[in-house]
Amino acid sequence: MALVGNLRHRPARRLSQLYVGLVLYGVSMALMVRSDLGLDPWDVFHQGLAERTGLSFGTVTIGVGALVLLLWIPLRQRPGLGTVSNVVVIGLVVDATLAVLPTGGPLGVRIALLVTGIVANGAATGLYLGAQLGPGPRDGLMTGFVARRPGLSVRLVRTVIEVTVLALGWLLGGTVGVGTVAYALAIGPLAHLFIPVFAVPVPESATPELAAAPVG
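Since this is a predicted model, take the numbers as computed values, not measurements.

A. Region of the structure containing the overall build of the protein. Secondary structure assignment for the protein yields nine helices and zero strands. For the protein, the α and β elements follow one another from N to C terminus as α-α-α-α-α-α-α-α-α. Here the protein has a C-alpha radius of gyration of 16 Å; the compact-globule value for 216 residues is 17 Å, and the two agree. In terms of overall dimensions, the protein has a C-alpha envelope of 50 × 35 × 30 Å along the principal axes. The buried share among the 216 residues of the protein stands at 51%. In the protein, once contacts between residues fewer than 6 apart in sequence are set aside, the share between residues at least 24 apart is 84%. Here the protein has roughly 9,800 Å² of accessible surface; of this, 70% comes from carbon and sulfur atoms. Here the protein contributes 14 positively and 9 negatively charged side chains, and the mean placements of these two sets differ by 8 Å.

Encoded structure:
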């Protein structure tokens, strides 16, 4: 698959924003994991697979991202630099952050980790999508299905995908809890707030299609 987009327009700003966003995204995931109060659907799935396979959380995140990216081929989706970077960087950062964050702690501390993680996740989404160098692999899977099946809404496709991975993750032993609900309620408004703030204006011909809704 050829990469879409280019870096002729404001490359330093867009590259720095992309990688700051991806690093922050990985940190936000680790904060939610350490809160032990529930994860977003994809991370419930990642955690469940990690527990079943013995692989690290970040390694599973990278592996799942790569497999999802392969599903773009029949959907005729084209990745950007941000898409490929998303697969690798987030997984490496989440493992590095988990290695230094202690487990357990008082409930108040865990709630603070959860809230910080969710807000940071929304900001990270705005940063890396705003760089306009390609959406994450899971976003592209959703929008690819919608593009191939015009009668389906983005909301319906996203709901079906996320309910499926949430159920699979829960069955595998991933953590579902109040954090899962809080993330579901907060991430849409947070993304709506942060994406316009960090959007880098570049000519339309130079940018890949952004995902309609953020998913790691």
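Once the structure has been displayed, the description carries forward.
B. Focus on the nonpolar core. Judged by nonpolar contacts, the single largest core of 28 residues is most densely connected at Tyr-25 and Phe-57. Secondary-structure elements contributing two or more residues to this core are helix 1 (11-35), helix 5 (81-100), helix 6 (107-130) and helix 9 (178-198). Looking at this core, the element that brings in the most residues is helix 1, giving seven residues. Among the nonpolar cores identified, the runner-up in size contains 16 residues, and Trp-42, Val-60, Val-68 and Val-146 belong to it.

C. Summary view of the environment of Thr-116. Relative to the helices and strands, Thr-116 is located in helix 6. Within the local environment of Thr-116, its side chain forms a polar contact with the backbone oxygen of Ala-112, the two atoms lying 2.8 Å apart.

D. Looking closely at unusual backbone geometry. Non-glycine residue Arg-76 carries a positive phi angle of around 60°. Summarising the element assignment, Arg-76 is placed in the loop between helix 4 (72-75) and helix 5. One non-glycine residue with positive phi stands out, namely Gln-132, at about 55°. In this fold, Gln-132 is placed in the loop between helix 6 and helix 7 (137-148).

E. Structural context of the side chain of Asp-40. Along the chain, the position of Asp-40 falls in the loop between helix 1 and helix 2 (41-53). In this structure the side chain of Asp-40 is engaged in a polar contact, spanning 3.2 Å, whose partner is the backbone nitrogen of Trp-42. With near-sequence residues (within four places) excluded, Asp-40 lies in contact with Met-32 and Tyr-183.

F. Layout of the packing of helix 3 (residues 57-70) against helix 7. At a closest axis distance of 9 Å, the pairing of helix 3 and helix 7 adopts a crossing angle of 30°. The angle between helix 3 and helix 7 falls in the class roughly parallel. As helix 3 runs across helix 7, the sense of the crossing is left-handed. Across the interface between the two elements, Thr-61, Val-64, Gly-65, Val-68 and Leu-69 of helix 3 pack against Pro-137, Arg-138 and Leu-141 of helix 7.

G. Quick look at helix 3. A rise of 1.5 Å per residue sets the reference length of helix 3, with its 14 residues, at 20 Å; its end C-alpha atoms lie 20 Å apart and thus fit the reference within 8%. The secondary structure elements touched by the buried residues of helix 3 are helix 1, helix 2, helix 4, helix 5 and helix 7.

H. Main features of helix 2. Helix length check: helix 2, at 13 residues, gives a terminal C-alpha distance of 18 Å against a target of 18 Å (1.5 Å per residue), a fit within 8%. Within helix 2 the residues assigned to the buried category are Pro-41, Trp-42, Asp-43, Val-44, Phe-45, His-46, Gln-47, Gly-48 and Ala-50. Considering only its buried residues, helix 2 is in contact with helix 1, helix 3, helix 7 and helix 8 (154-172). Just downstream of helix 2, Gly-54 is the residue with a positive phi angle, here 85°.

I. Quick peek at the environment of Val-165. On the secondary structure map, Val-165 appears in helix 8. A relative accessible area of 7% places Val-165 in the buried class. Considering only alpha carbons, one finds Val-165 and Leu-185, 20 residues apart in sequence, at a separation of 18 Å. What Val-165 contacts, discounting residues up to four positions off in sequence, is Pro-41, Trp-42 and Phe-45.

What counts and how
- Residues numbered from 1 in each chain as written.
- Predicted model: local features only at pLDDT ≥ 70, side-chain atom pairs only at ≥ 80, totals over all residues.
- Heavy atoms only, no water.
- Helix = DSSP H or I, 4+ residues; strand = E, 2+ residues; numbered from the N terminus.
- Rg over C-alpha atoms; globule rule 2.2 N^0.38 Å.
- Buried < 20%, exposed > 50% of the residue type's maximum accessible area, 1.4 Å probe, protein only.
- Contact = heavy atoms within 4.5 Å.
- Areas by Shrake-Rupley, 256 points an atom, 1.4 Å probe, with all protein chains shown as cover.
- Lys, Arg positive; Asp, Glu negative; His and termini not counted.
- Charge placed at Lys NZ, Arg CZ, Asp CG, Glu CD.
- Core = buried A, V, L, I, M, F, W, Y, C linked by side-chain atoms within 4.5 Å.
- Polar contact = N/O pair within 3.5 Å; in protein donor to acceptor, adjacent residues only side chain to side chain.
- Axes fitted to C-alpha atoms, helices over the stretch in contact; angles between N-to-C directions.
- Parallel < 35°, antiparallel > 145°, perpendicular 65-115°, else oblique.
- Left-handed = near helix turned anticlockwise from the far one by under 90°.
- Expected span 1.5 Å × (residues − 1).

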